[in-house]
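Structural characterization, general
Here is what each chain is made of, one letter per residue.
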Amino acid sequence: MSTRRLRSEDYNDYSSTDVTPEGSPPDGMNGFAHPESYQRFGETNGTTWYQTLIHLLKGNIGTGLLGLPLAVKNAGILLGPLSLLVMGVVAVHCMGILVKCAHHFCNRFQKQFLDYGGAVMYGLEATPSACLRTHAIWGRRVVGLFLIITQLGFCCVYFVFLADNVVSAANGTTNDCSSNRTVVMTPTMDSRLYMLSILPFVVLLTFIQNLKVLSIFSMLANVAMLVSLVVIYQYIVRDIPDPRNLPLAAAWKTYPLFFGTAIFAFEGIGVVLPLENKMKNPRQFPVILYVGMTIVTILYISLSVLGYLRFGTDIQASITLNLPNCWLYQAVKLLFSFGIFFTYAVQFYVPAEIIIPPLVARVSERWGWLVNLLLRVALVCVTCVLAILIPRLDLVISLVGSISSSALALIFPPLLEIATYYSEGMHPLVIAKDITISLFGFVGFVVGTYEALVELVAPAATVVNATTVLVQ
């Protein structure tokens, strides 16, 4: 009998690493010949390496990227990019920890299945470790909760971004692209009404539940966003003013806002394990992860620095809002909005897979499809309502990044590594490294959330409507 892969379809979770050993072991004892022989077998109809790379890039290149120039303003022209590089290295390292611990848990569960299967075959009483099962369930619930908060928070940001950019594009377009300036316009409609107008289309998009189908839309979104980024780059590299007036390090009071936006930008942490789980050949995933995240980090640093150098203190919550009103740059705003629109479905996939299947399982098969669709509609409406309540793009990004992204990207992975390997012996330096990363994430979580909430409740007098700023 062939070895069966430990599949996420057997339970409702974000990872393929958990198995509940109830009843006899699958395929008998021969199904797990040796614990050391465990392999991450892919799904027959899983995604290929380039489809996975597309999803990984799509999951990380979004609104966070466009908000990084403002983040660098909050940190300083020197401290900002250096901090981005460090946070990028740490975030990718933590993604690698997640994958490593997932494989380790699979091996441990497989070994317990082997012991359990042998006991059953010889008529002995045996049960898998209650401690291991308890820790797995506890960890799954906590991480699952933060995954839901994080991914739905991303979706809230997408609503605000789409509304702001559509409003900016709809407020007036000129045919003269030589003046290179954004003209002050009076908004023709409140951005919150735009959020409501795009809600039905987002709902229909989330009805697509197949990752292979979503990869097609991800490809279209990547092409649209790539074209937009090329046009943005060619604009911001021209006529860069003297940077000597920009501070090397900004006031420490604004650094927590940088932290929230920067960690939000690495928004692909929640899709790492689902993407690996859906691959035909999961052994290729580590290479895909490091190649993809290297591309992402280079994009982050280059756009954030050039954007801040180009616009200086006038930089907006999204760099697209600093672009001129001529037809070319208005098209860029719409193209990037098109890409963000389809990114919503990719980010929505994870919380939907955690929340919906257990609830659908409680109803009869006859009504399961209807409950599935109604739950998707409800979740999308929740993200839209939250976006309407907090329509400031920069603060929504910083708040979501500080509250949930810091936990998933920095706090939990190192603690998971300690919990996984401590009993087997860990080098003191590795333990110190993990504790340092978690403490850094926790401090950012507390201070970043506090500063974002303070700014939200009592915004600074200098804050103005992002769509009505004159940029020469």
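Every chain is numbered independently, its residues counted from 1 as its sequence is written. Where totals are concerned, whole chains, interfaces and linings use all residues; where local detail is concerned, this predicted model gives features only for residues with pLDDT of at least 70, and gives and counts side-chain atom pairs only at 80 or more. Derived side-chain values reflect all non-hydrogen atoms in the structure, with water molecules and hydrogen atoms excluded from consideration.

Right, let's talk about the overall build of the chain for a bit. Comment: elements are numbered from the N terminus, with helices defined as DSSP H or I runs of at least four residues and strands as E runs of at least two. Helices and strands together make up the secondary structure of the chain, namely 13 helices and 0 strands. When its helices and strands are written in sequence order, the chain yields α-α-α-α-α-α-α-α-α-α-α-α-α. Burial analysis of the chain (472 residues in total) assigns 55% to the buried set. In what follows, residue pairs with any heavy atoms lying within 4.5 Å of each other are defined as contacts. Considering only intrachain contacts with a sequence separation of at least 6, the fraction spanning at least 24 residues in the chain is 89%. Note on areas: these come from Shrake-Rupley sampling with a 1.4 Å probe, and a residue is covered only by the protein chains present in the view. Looking at the chain as shown, the accessible area adds up to about 20700 Å², and 68% of this sits on carbon and sulfur atoms. Each residue gets one of three labels from its accessible area relative to the maximum for its type: buried under 20%, exposed over 50%, partly exposed in between, using a 1.4 Å probe on protein chains only.

The subject of this paragraph is the pattern of salt bridges. For salt bridges, the criterion is a side-chain nitrogen of Lys or Arg within 4 Å of an Asp or Glu carboxyl oxygen. Considering all chains together, one arrives at 5 salt bridges under this definition. In this structure, the salt-bridge partner of Lys100 is Glu417, at a minimum N-O distance of 2.6 Å. Note that Lys100 is positioned in helix H3 (residues 79-121) and Glu417 in helix H12 (residues 393-421), a separation of 317 residues in sequence. Overall, the relative accessible area of 4% leaves Glu417 in the buried class. For the salt bridge of Asp242 with Arg244, the shortest nitrogen-to-oxygen distance reads 2.7 Å. Residue Asp242 is classed as partly exposed on the basis of its relative accessible area, which comes to 41%. Since its relative accessible area comes to 72%, Arg244 is described here as exposed. Residues participating in the shared-partner salt-bridge network are Lys100, Glu417, Lys433 and Asp434.

Turning our eyes to something else, we now look at the environment of Val72. Locating Val72 in the fold gives a position in helix H2 (residues 63-75). The class of Val72 is buried, set by a relative accessible area of 0%. Residues Val72 and Tyr308, spaced 236 residues apart in sequence, show a C-alpha to C-alpha distance of 6.9 Å. Not counting residues within four places of it along the chain, the set of residues in contact with Val72 comprises Ile77, Pro81, Leu84, Phe258, Ser304 and Tyr308.

Turning our attention to a nonpolar patch on the surface. In this scheme, patches are assembled from residues that exceed 30% relative accessible area and form no salt bridge. Like charges are connected within 9 Å, while nonpolar side chains (Val, Leu, Ile, Met, Phe, Trp, Tyr) are connected within 5 Å. On the surface, Met219, Val223, Val227 and Leu335 cluster together into a nonpolar patch covering about 300 Å² of accessible area. For the nonpolar patch, the leading source of residues is helix H6 (residues 211-236), giving 3 residues. Relative to the helices and strands, Met219 resides in helix H6.

In this section: the packing of helix H5 (residues 191-206) against helix H11 (residues 365-389). Following both chains from N to C, one finds H5 and H11 inclined at 155°, their axes separated by 10 Å at the closest point. With respect to H11, the axis of H5 lies roughly antiparallel. For the crossing formed where H5 meets H11, the hand is right-handed. Listed contacts from H11 to Arg192, Met195, Leu196, Leu199, Val202, Val203 and Thr206 of H5 are Arg376, Val377, Val380, Cys381, Cys384, Ala387 and Ile388. Angles shown run from 0 to 180 degrees and are taken between the N-to-C directions of axes, each axis being a line fitted to C-alpha atoms and, for helices, limited to the stretch in contact. When an angle is under 35 degrees it counts as roughly parallel; over 145 it counts as roughly antiparallel; between 65 and 115 it counts as roughly perpendicular; any other value is oblique. For a crossing to be left-handed, the near helix must be turned anticlockwise from the far one by less than a right angle; the clockwise case is right-handed.

The subject of this paragraph is helix H1 (residues 49-60). Multiply 1.5 Å by the residue count of a helix minus one, and that product is the helix's expected span. The end-to-end C-alpha separation of H1 is 17 Å, in line with the 16 Å expected for 12 residues at 1.5 Å each. The buried fraction of H1 is high, at 10 of 12 residues. Listed as buried for H1 are Gln51, Thr52, Leu53, Ile54, His55, Leu56, Leu57, Lys58, Gly59 and Asn60.

A few words now on unusual backbone geometry. The phi torsion of most residues other than glycine is negative, and most of the peptide bonds are trans. In this structure, Asp239 is a non-glycine residue whose phi angle is positive, near 55°. With a relative accessible area of 58%, Asp239 lands in the exposed category.

Once that is clear, we can look at the packing of H1 against H6. Two elements in contact, H1 and H6, have axes separated by 9 Å at closest approach and are oriented at 60°. Our classification of the angle between H1 and H6 gives oblique. As for the relative orientation of H1 and H6, their crossing is left-handed in sense. Judged by residue contacts, Gln51, Ile54, His55 and Lys58 of H1 engage Leu211, Lys212, Leu214, Ser215, Ser218, Met219, Ala221, Asn222 and Met225 from H6. Just so you know the grouping, Ala, Val, Leu, Ile, Met, Phe, Trp, Tyr, Cys and Pro go in nonpolar, Asp, Glu, Lys and Arg go in charged, and all remaining residues, Gly too, go in polar. Residues of the contact of H1 with H6, tallied by class, amount to 6 nonpolar, 5 polar and 2 charged.

What follows covers the nonpolar core. Think of a nonpolar core as a cluster: buried Ala, Val, Leu, Ile, Met, Phe, Trp, Tyr and Cys residues, connected wherever their side-chain atoms sit within 4.5 Å. Phe159 and Leu303 are the most contacted members of the largest nonpolar core, which has 114 residues in total. Not counting chain neighbours up to four residues away, the residues in contact with Phe159 comprise Met195, Ile198, Leu199, Val202, Tyr344, Val380, Thr383, Cys384 and Ala387. Membership of the second largest hydrophobic core comes to 6 residues, among which are Ile97, Tyr421, Met426 and Ile431.

Let us now look at the confidence of the model for the chain. Note on scores: pLDDT gives the predictor's confidence for each residue, bounded by 0 and 100. Across the chain, pLDDT averages 76, with 76% of residues at or above 70. Under a pLDDT of 50 for its full length, residues 110-132 has, in the predicted model, 36 contacts with residues more than four places off or in other chains.

This part takes up the packing of aromatic side chains. Here the aromatic set is Phe, Tyr and Trp, taking the six-membered ring for Trp, and pairing holds for ring centres within 6.5 Å; pairs whose planes are under 30 degrees apart are stacked, those over 60 apart are edge-to-face, and all others are tilted. Scanning the entire structure with this criterion turns up 14 aromatic pairs. Ring geometry for Tyr255 against Phe258: centres 5.1 Å apart, planes inclined by 40°, an arrangement best described as tilted. In this pair, Tyr255 and Phe258 are both assigned in helix H7 (residues 255-265), 3 residues apart and thus about one turn of the helix distant. This pair shows no difference in class: Tyr255 is buried, exactly as Phe258 is. Centroid distance Phe259 to Phe440: 5.6 Å. Interplanar angle 85°. Geometry classified as edge-to-face. In this pair, Phe259 is assigned in helix H7 and Phe440 in helix H13 (residues 428-457), connecting sequence segments 181 residues apart. For Phe259, a relative accessible area of 3% corresponds to the buried category. Judged by relative accessible area, Phe440 falls into the partly exposed class, the value being 38%.

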